[in-house]
Amino acid sequence: MNRPANSPPTARRRSARYWLRMSATLLLFMAVWLVWSGYMKPLLVSLGLLSCCIVILLSTRMGDLEEETGWLGVLPRLPAYWLWLAREVVISNFTVARIILSPRLVLDPVMVTLEADAQDPFGQAVLGNSITLTPGTLTVGVETGRLRVHCLTQAGAEELLRGDMNRRVAALTRR
Amino acid sequence: MAIVLDALSWAMLVGGALFVLIGGIGALRMPDFFTRMHASSLTDSLGPMLVLGGLALQSGWSLETVKVLAILLFLLITGPTATYALGHAASVAGLKGGTREYRASDPREPRA
């Protein structure tokens, strides 16, 4: 953002991408409203639409839609990534479960610094959360594209530094 | 078909409960703060995935299924976020536990 953080958004001309972003957000809100309520009566649905519009209005005033987070472009690539992530989560769950249940608790915790391939904050947040979601690795800090990751074992740290997840997240959140 | 779905959903429910239990055991057995967080991440990931997946199968194709899956989605996003807040606070406060800094054996040489 170029303008000062707390000045209200000016009435300048919005780009086409801004309107696309806004309608996508409205569509998402409306879908969520319908699923949560389960109402299909015209009066209630129009009231729901109204409340969604009010939320959009408020977020516009707060400048929430000014910045491009790129979640819309990520959507089509998401299912494949989720499938891969689910597989990783299952594998690492079994690995950590085996460590926990072994009679002698063999641990070798190490702290790793990982250079994120994803350049923007959104991608780095996705990477950090994906790392934390797979048991055995834990993001404890993100600073200027560097992630500090706590790993339960040296093997887990090496797996992480091989950078498979790093590359996939960068490809997922690429503009 | 219904019996297969029912069996699958019960297997998932029991499996999920098992992972939550193992996570609890781990949180008790682990020696320090960070390793305990690793143990409890079992309770955070595959545990709810299996339990809520099993519940979704139980409810059949209805609005409830979508809601259960939405709950799962939110859990999988907010869980790691909360874990990050906790771990980051500990790391900023300088907590180390038994952790050492990572040192690669030799990156150019393939490991045996």
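The written sequence of each chain sets the order in which its residues are numbered from 1. Whichever chain is written first becomes A and whichever ligand is written first becomes 1, with later ones labelled in order. This being a predicted model, a pLDDT of at least 70 is required before a residue's local features are given, and a value of 80 or more before pairs of side-chain atoms are given or counted; all residues contribute to the totals for chains, interfaces and linings.

Undergrad: Go over the overall build of chain B, please, and point to the residues and values.
TA: By definition, any uninterrupted DSSP run of H or I lasting at least four residues is a helix, any uninterrupted run of E lasting at least two residues is a strand, and each is numbered from the N terminus. When helices and strands are counted, chain B shows four helices and one strand. Reading chain B from its N end, one meets helices and strands in the order α-α-α-α-β. Between the two quantities, the radius of gyration covers C-alpha atoms and the globule rule is 2.2 Å times the number of residues to the power 0.38. Since a compact globule built from 112 residues should have a radius of gyration of about 13 Å, the 19 Å found for chain B marks it as more spread out than a globular shape. Each principal axis of the C-alpha distribution contributes one length, and for chain B these read about 55 × 40 × 25 Å. Sorting the 112 residues of chain B into buried and exposed places 31% on the buried side. Two residues qualify as being in contact provided that their C-beta atoms, derived from the backbone, are within 7 Å of each other. Considering only contacts within chain B whose residues lie at least 6 apart along the sequence, 61% involve residues at least 24 apart. Each residue is classed by its C-beta neighbour count within 10 Å, where at least 20 other C-beta atoms makes it buried, 12 or fewer makes it exposed, and intermediate counts make it partly exposed; the C-beta atoms are placed from backbone geometry.

Undergrad: Mind laying out the overall build of chain A, listing which residues take part and the relevant values?
TA: Looking only at helices and strands, one finds seven helices and three strands in chain A. Secondary structure elements of chain A occur, N-terminal to C-terminal, as α-α-α-α-β-α-β-β-α-α. Against the 2.2 N^0.38 benchmark of 16 Å for 175 residues, chain A shows a C-alpha radius of gyration of 21 Å, more extended than a compact globule. If one aligns the C-alpha atoms of chain A with their principal axes, the spans along those axes are about 65 × 40 × 25 Å.

Undergrad: Which residues make up the confidence of the model for chain A, and what are the values?
TA: Every residue carries a pLDDT, the predictor's confidence in it, which falls somewhere between 0 and 100. Averaged over every residue, the pLDDT of chain A is 87; the share at 70 or more is 92%. When the elements of chain A are averaged for pLDDT, helix H3 (residues 71–74) of chain A gives the smallest value, 78, and helix H4 (residues 78–101) of chain A the largest, 94.

Undergrad: I'd like a rundown of the domain arrangement of chain A, residues and numbers included.
TA: When the parts of a complex come together, some accessible area is lost, and that lost area is often used as the size of the interface. As annotated, the domain borders come from an automatic or database domain assignment. Each domain of chain A was delimited in the assignment, giving domain 1 (16–68) and domain 2 (73–172). Each of domain 1 of chain A and domain 2 of chain A has a C-alpha centre, and the two are 33 Å apart.

Undergrad: Can you lay out the packing of helix H3 (residues 46–58) of chain B against helix H4 (residues 63–92) of chain B for me, pointing to particular residues and giving the numbers?
TA: The relative placement of two packed helices comes down to the angle between their axes together with the axis-to-axis distance. Residue and element names in this part refer to chain B. To get an axis, fit a line to the C-alpha atoms, keeping to the stretch in contact for a helix; angles then go from 0 to 180 degrees between the N-to-C directions. Relative to each other, H3 and H4 sit at 170 degrees, their axes nearing to 9 Å. Considered as vectors, H3 and H4 are oriented roughly antiparallel to each other. Facing Pro48, Met49, Leu52, Leu55 and Ala56 of H3, the residues of H4 in contact are Thr65, Val68, Leu69, Ile71, Leu72 and Leu75. In this count, Pro and Cys sit with the nonpolar residues alongside Ala, Val, Leu, Ile, Met, Phe, Trp and Tyr, while Asp, Glu, Lys and Arg are called charged and the others, Gly among them, polar. Residues that form the contact of H3 with H4 fall into these classes: ten nonpolar, one polar and no charged. With respect to orientation, any angle under 35 degrees is reported as roughly parallel, any angle over 145 as roughly antiparallel, any angle of 65 to 115 as roughly perpendicular, and every other angle as oblique.

Undergrad: A description of the interface of chain B and chain A should follow, citing residues and the corresponding values.
TA: Contacts between chain B and chain A engage 33 residues on the former and 29 residues on the latter. Every element with two or more residues in the side of chain B that touches chain A is listed here: helix H1 (2–29), helix H2 (33–44), H4 and strand E1 (100–101) of chain B. Counting residues per element, the side of chain B that touches chain A draws most heavily on H4 of chain B, at 13 residues. Direction of pairing for strand E1 (residues 110–115) of chain A relative to E1 of chain B: parallel, over a ladder of two bridges. Following the sheet pairing, valine 110 of chain A is matched in E1 of chain B by arginine 100 of chain B. Note on pairing: two strands pair once DSSP finds at least 2 bridges between them.

Undergrad: Quick rundown of unusual backbone geometry? Include the residues and the values.
TA: With a phi close to 40 degrees, threonine 144 of chain A is a non-glycine residue in the positive phi region. Within the secondary structure, threonine 144 of chain A sits in the loop between strand E2 (137–143) and strand E3 (146–151).

Undergrad: Give a description of the sheet that holds E2 of chain A that names residues and reports values.
TA: One open sheet holds the four strands; their spatial order is E2(A)-E3(A)-E1(A)-E1(B), and the pairing between them is mixed. For this open sheet the edge positions go to E2 of chain A together with E1 of chain B, each flanked by a neighbour on one side alone. Contacts between helix H5 (residues 121–133) of chain A and the sheet are confined to E2 and E3 of chain A, with E2 of chain A contributing the most and set at about 155 degrees to the helix. Helix H6 (residues 154–161) of chain A rests against E1, E2 and E3 of chain A of the sheet, and its axis sits at about 0 degrees to E1 of chain A.

Undergrad: Pulling in residues and values, what's your account of the nonpolar core?
TA: A set of buried residues drawn from Ala, Val, Leu, Ile, Met, Phe, Trp, Tyr and Cys, joined through C-beta atoms within 7 Å, is what defines a nonpolar core. Ranked by internal contacts, the top residues of the largest apolar core, which has 44 residues, are Val112, Leu127 and Val149 of chain A together with Leu42 of chain B. Ranked by residue count, the leading element in this core is H3 of chain B, at seven residues. Among all residues touching valine 149 of chain A, those that are not within four sequence positions of it are Val112, Leu114, Ile131, Thr137, Leu138, Thr139 and Leu160 of chain A.

Undergrad: Can you tell me about helix H1 (residues 16–37) of chain A, naming the residues and giving the values?
TA: Multiplying 1.5 Å by the residue count of a helix minus one yields the expected span of that helix. In this model, H1 of chain A (22 residues) spans 32 Å end to end at C-alpha, consistent with the 32 Å of a helix rising 1.5 Å per residue. Once H1 of chain A finishes, glycine 38 of chain A follows within two positions and takes phi at roughly 75 degrees, a positive value.

Undergrad: Describe H4 of chain B, and please don't skip the residues or the numbers.
TA: Given a rise of 1.5 Å per residue, 30 residues ought to cover 44 Å, and the 43 Å separating the end C-alpha atoms of H4 of chain B matches this to within 8%. Inspection of H4 of chain B places Val68, Leu76, Pro80, Thr83, Tyr84, Gly87 and Ser91 of chain B among the buried residues, and these make up the whole buried set. Looking at the packing, one finds that the buried side of H4 of chain B touches H5, E2 and E3 of chain A together with H2 and H3 of chain B. Glycine 94 of chain B, located one to two residues past H4 of chain B, shows a positive phi value of around 90 degrees.

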